[in-house]
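A structural walkthrough
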Amino acid sequence: MVVTWTTFNITDSLVEYGTNSLTNIVKGKMTTFYDKGDSNRTWFIHRVIIENLKPGLKYCEYLPGISVSIYIICSENANFSSHQLSSRL
């Protein structure tokens, strides 16, 4: 599964995840996007690949630079359902 998110600040491209607690960490890559439009902002795009997730299990994830945690439920046909939680688990 590929997890992608954006921030306005430089943060680590890490995803902490697990089924009962955040016991695994995967490092990814960050690229910089310069918006030359009216907003004239710099965006940092983070991309992390998580492998070997088990179908049917619920995983909790935390992304640095984002103030919420999410959880995903894997299915056997490679479709994922994600939900945003109100705070870090």
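A short tour of the structure in this document, coming up. Because the structure is predicted, anything quoted here is derived from the model rather than measured.

**Notes on the overall build of the chain**
- Across its full length, the chain carries zero helices and eight strands.
- The helix and strand sequence of the chain, counted from the amino end, reads β-β-β-β-β-β-β-β.
- The burial tally for the chain puts 30% of its 89 residues in the buried class.
- Carbon and sulfur atoms make up 49% of the accessible area of the chain, which totals about 6000 Å².

**Some details on the sheet that holds strand 4 (residues 29–34)**
- An order of 1-5-4 is seen for the three strands of this open sheet, with the pairing classed as antiparallel. One side of each edge strand has no neighbouring strand; the edge strands of this open sheet are strand 1 (2–7) and strand 4. On average, each strand axis in the sheet is tilted by 20° relative to the strand beside it, whichever way the strands run.
- In the sheet, strand 1 pairs with strand 5 (residues 42–49) via six bridges, with the strands oriented antiparallel.

**Comments concerning unusual backbone geometry**
- Its identity is not glycine, yet Asn 40 carries a phi of approximately 50°, on the positive side.
- Asn 40 sits in the exposed class, given a relative accessible area of 58%.
- Residue Asn 52 is not a glycine yet carries a positive backbone phi of 65°.
- Positionally, Asn 52 belongs in the loop between strand 5 and strand 6 (58–62).

**What to know about the environment of Thr 32**
- Along the chain, Thr 32 falls in strand 4.
- On the accessibility criterion, Thr 32 (36% relative accessible area) is partly exposed.
- Along the sequence, Thr 32 and His 46 sit 14 residues apart, while their C-alpha atoms lie 8.9 Å from each other.
- Leaving out residues up to four positions away in the same chain, Thr 32 has contacts with Thr 42, Trp 43 and Phe 44.

**Observations regarding the side chain of Thr 11**
- For Thr 11, the location among the structural elements is in the loop between strand 1 and strand 2 (14–18).
- A distance of 3.4 Å separates a polar atom in the side chain of Thr 11 from a polar atom in the side chain of His 46.
- Aside from chain neighbours lying at most four places away, what touches Thr 11 is Met 30, His 46, Pro 64 and Gly 65.

Here is what the cut-offs are and how they apply
Residues numbered from 1 in each chain as written. Predicted model: local features only at pLDDT ≥ 70, side-chain atom pairs only at ≥ 80, totals over all residues. Heavy atoms only, no water. Helix = DSSP H or I, 4+ residues; strand = E, 2+ residues; numbered from the N terminus. Buried < 20%, exposed > 50% of the residue type's maximum accessible area, 1.4 Å probe, protein only. Areas by Shrake-Rupley, 256 points an atom, 1.4 Å probe, with all protein chains shown as cover. Pairing = 2+ DSSP bridges. Axes fitted to C-alpha atoms, helices over the stretch in contact; angles between N-to-C directions. Contact = heavy atoms within 4.5 Å. Polar contact = N/O pair within 3.5 Å; in protein donor to acceptor, adjacent residues only side chain to side chain.

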